[in-house]
Each structure stands twice: as C-alpha cells, then as structure tokens.
Amino acid sequence: MDQLWEWLVIAGALAVVLVGLVVGFLRPGRRGRTPTLPPTSTPPPTQPIPAQPTPADPGGGVDTLPPRGTPPETDESDVLLEEPVTPTLERPETAVGRLQRLRARLARSNTALGKGLLALLTRGGLDDAAWEEVEDTLLAADLGIDATNELVEQLRTEVKVHGTSDEATVRGWLRTDLLRLVDPGMNRALASARVDGRPAVVLVVGVNGTGKTTTVGKLARVLVAEDKDVLLGAADTFRAAAADQLETWGARVGVPTVRSHKDGADPAAVAFDAVKAGIELEADVVLLDTAGRLHNKANLMDELGKIKRVVEKQSPIDEVLLVLDATTGQNGLRQAEVFAQVVGITGIVLTKLDGTAKGGIVVAVQRKLGVPVKLVGLGEGPDDLAPFDPEAFVDAILA
C-alpha cells in the first residue's frame, strides 16, 4: 500500500513538470514562435502635477484644458519673426525707348496712308481719276475733308510745277505737307511739375470704353520714368472695379491712390480729397481719373463740370486730357467737341492707334479742337503709351 502511494506521488510530480514545460513553450514572445509588433516609444513616467489655485477657486481644484483650437502658449524667445516682404516695384521704360518701339508699330498700321499714296503719286500719268484715288486714300485714313482737300491741292501744284514722279522727290513733298498738317509748332508739353508750391493737377475725361483708367495708370508710369512724384485720384466711383484697377496700376510703380471704399461716392469729393492729399504730400502731379460718360447725356456732363468746379476751390486744374479711341475715327470728333465745351480740353490722348486705326485722325482732331495730341497709345502693354512726336509720326507713316 505504501509503495502504491509513492508511485502516485511520483506520477503527479511528473505530470506537473510536463504541464509546466508545455505551457512555457507555448507562451507568446518566446522562442520566436509568435511574431512581435514594432516597439513603440513609451513616455517616461511623470509625477502628478498638483492643481494650481485659480482666482475663482482660491482653495485649489482641477485645472481645465484650454478650449479646442486654442494655440498653445509659447515663449516669445522661441518665436522667429519674419521680416515683412516688400513688393518689388517696376521701373517703367523711358520715353526714348518707347518712341522707337511705337514708331515701328505705327509704320505697320498705316501702310494704306503712306505706301498707298506713294504708289499713286509715282506711277505717272496723274489724271483726274488718279487724283480722286488719292483723295479716297486720305479720307479712308480719317484725315478729314478739309485737310484732304488742302493736301491734294498742294500735291497737284507741286507735281505740275516740277513735272516729276520720282519716288524720293514725291516722298519729300508728302513728308513736308503731312508734317505741316500735323503742326509740329503746337505746344505738346504735359503739365507735370509743381506750380507755385502746389502739384500740377491733371483731369482725365472721355466717353465709356476709351480706356481712361488704363491710360491714367500708364501715364503714371510715364511720369515715374521721369522721376516725378505722382498721386492718383480714383474719381470714377460708378464702375465697381475702377478704383481697384487704378490702385493696382499705382502700386506697381509705388504711386499712392486716393479713393473711396463706398460704392457711388461723390466723385467731386474724391477728386477734392486727392488734390488736398497731393498738396500735403508735396507731390509733383495729381492725376484724376473720372467715370466714362456719354457726350449726349446732359446730366453726366454737368456732373463733370461740377468735379472741375469743386477741385478748383483749392487748386487750379492745369491740364484736361480727353482720351479718344482712335478706332472711332470721325465719330469721336463730336464727342470731343462736347467735352471741350464743358471742361476746356487742353490735350488729346489717342488710344488704340494701331491695328485698324487710321493715322489721319491725329490731323482731324487737332484741326477740329485746336488742341494738340499729346500722348498716343499703340498697344496693350503697360509701357505702350508715349508722348506724341509729330516728326516721328510722319516718318512712321511714310516708312
């Protein structure tokens, strides 16, 4: 009986050992039988932070987390302050470079007036039918009836007297006669210098769609290229984007703009404030942009007269520039007459004098108004506006 108990004890012990070995062999992470996950970083143990008393709970309590989205507090010494980015100002092209480039464009756009005339005048046998063709060519170039008759009569006399059809000779006659019509003796200087301790004031007017705001922006570039201190006045308060557009033009060359952020603001008040600011800032010239208006709308023309009167309460207006779209040709002359009656035009800016525009409009508008063309635009680029040069203009036509 005792021997039997001994065997049972031994058998039980063996069973316990065997079970232990099996369990140890099957435990995870042992002997490579079960794949392990990548180790993760375990944060070091932290000591509990005692709650800080708050004014609302002087006896202590539990701190609350900052609201969602609240940026964490940082030490000012850890913050890197970035220097503000200064916009790069553009340096406009000088007038000399513009005239060379614009002359080439003008020569391409006035082939009918120059080459067409030379072809007619040098073919010989100029009878009445040929002279009618010459007249038609000049009229098609928007030279106007009076100027056309005058030029044709002069050319017929020269051909009869000299009896030659040599191209070089005829070209010389044509250049002389055209230059006389363009009238190089007109004063084309632009008011852009301080007068009696105040800035020159330039009012820019015209009908809708002629590109007044763009012209004012380009004119600012012309003046900046001459080292003038310019200030812009956004007195076109009816077209929503006009003030923004003008401000953008000015910012590109470092020129400030006086404007109203209220839709439909009084344009006379904006113009007044712009001139006042120009006086205070000691600017050389203040350019005032105005809203486009139809010449046959009496109330709009009266408003333009009001702008002029209000501005003149604190400063004379030294220049009134009428912006004309050269592609409208003779149709723009009636517009010019009405504007001249209301605000006293002192100079013309001819835009879009490329493409389908006719060079003769320069002669026609000057003869109609008795005021000079002072600036011409021959493209869409920011520096495609240049002072008008009569001799360069005629040479470009005959190139």
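What comes next is a walk through the structure. Owing to the predicted nature of the structure, the values given are computational and were not obtained by experimental measurement.

1. A short note on helix α8 (residues 242-252)
Piece 1. Considered for burial, the residues of α8 that qualify are Ala 242, Ala 243, Leu 246, Trp 249 and Gly 250. Down the axis of α8, the sector holding all buried residues measures 125°, keeping them to one side.
Piece 2. Where α8 is buried, its residues touch α7 (212-225), β2 (230-235), β3 (257-258) and β4 (285-290).

2. Overview of the nonpolar core
Piece 1. Within the largest apolar cluster, 69 residues are counted, with the highest numbers of intra-cluster contacts made by Val 205, Leu 288, Ile 345, Ile 348 and Leu 350.
Piece 2. When residues of this core are assigned to their parent elements, the largest contribution, seven residues, is made by helix α6 (residues 167-182).
Piece 3. Non-local contacts of Val 205, meaning those with residues more than four positions away in its chain, are made with Lys 212, Thr 290, Leu 304, Val 320, Leu 321, Leu 322, Val 323, Phe 339, Val 343 and Ile 345.
Piece 4. Counting residues in each nonpolar core, the second largest holds 23 residues, with Val 224, Val 230, Ala 243 and Leu 321 among its members.

3. Remarks on α7
Piece 1. With 14 residues, α7 extends 20 Å from end C-alpha to end C-alpha; this agrees with the ideal 20 Å at 1.5 Å per step.
Piece 2. Most of α7 sits inside the fold, with 13 of its 14 residues counted as buried.
Piece 3. Asp 227, located one to two residues past α7, shows a positive phi value of around 65°.

4. A few points about the packing of helix α4 (residues 128-140) against helix α5 (residues 145-162)
Relative orientation and spacing of two packed helices are given, respectively, by the angle between their axes and the distance between those axes.
Piece 1. Viewed as axis vectors pointing N to C, α4 and α5 meet at an angle of 140°, and their least axial separation amounts to 10 Å. As summarised for this structure, α4 and α5 are arranged oblique, according to the angle between their axes. The way α4 lies across α5 gives a crossing that is right-handed. Note on element contacts: α5 touches α4 through Ile 145, Thr 148, Leu 151, Val 152, Leu 155, Arg 156 and Val 159, opposite Asp 128, Trp 131, Val 134, Glu 135, Leu 138 and Leu 139.
Piece 2. Looking at the contact of α4 with α5, its residues break down into nine nonpolar, one polar and three charged.

Cut-off values and rules
- Residues numbered from 1 in each chain as written.
- Predicted model: local features only at pLDDT ≥ 70, side-chain atom pairs only at ≥ 80, totals over all residues.
- Heavy atoms only, no water.
- Buried < 20%, exposed > 50% of the residue type's maximum accessible area, 1.4 Å probe, protein only.
- Helix = DSSP H or I, 4+ residues; strand = E, 2+ residues; numbered from the N terminus.
- Arc of directions from axis to C-beta.
- Contact = heavy atoms within 4.5 Å.
- Core = buried A, V, L, I, M, F, W, Y, C linked by side-chain atoms within 4.5 Å.
- Expected span 1.5 Å × (residues − 1).
- Axes fitted to C-alpha atoms, helices over the stretch in contact; angles between N-to-C directions.
- Parallel < 35°, antiparallel > 145°, perpendicular 65-115°, else oblique.
- Left-handed = near helix turned anticlockwise from the far one by under 90°.
- Nonpolar A, V, L, I, M, F, W, Y, C, P; charged D, E, K, R; others polar.

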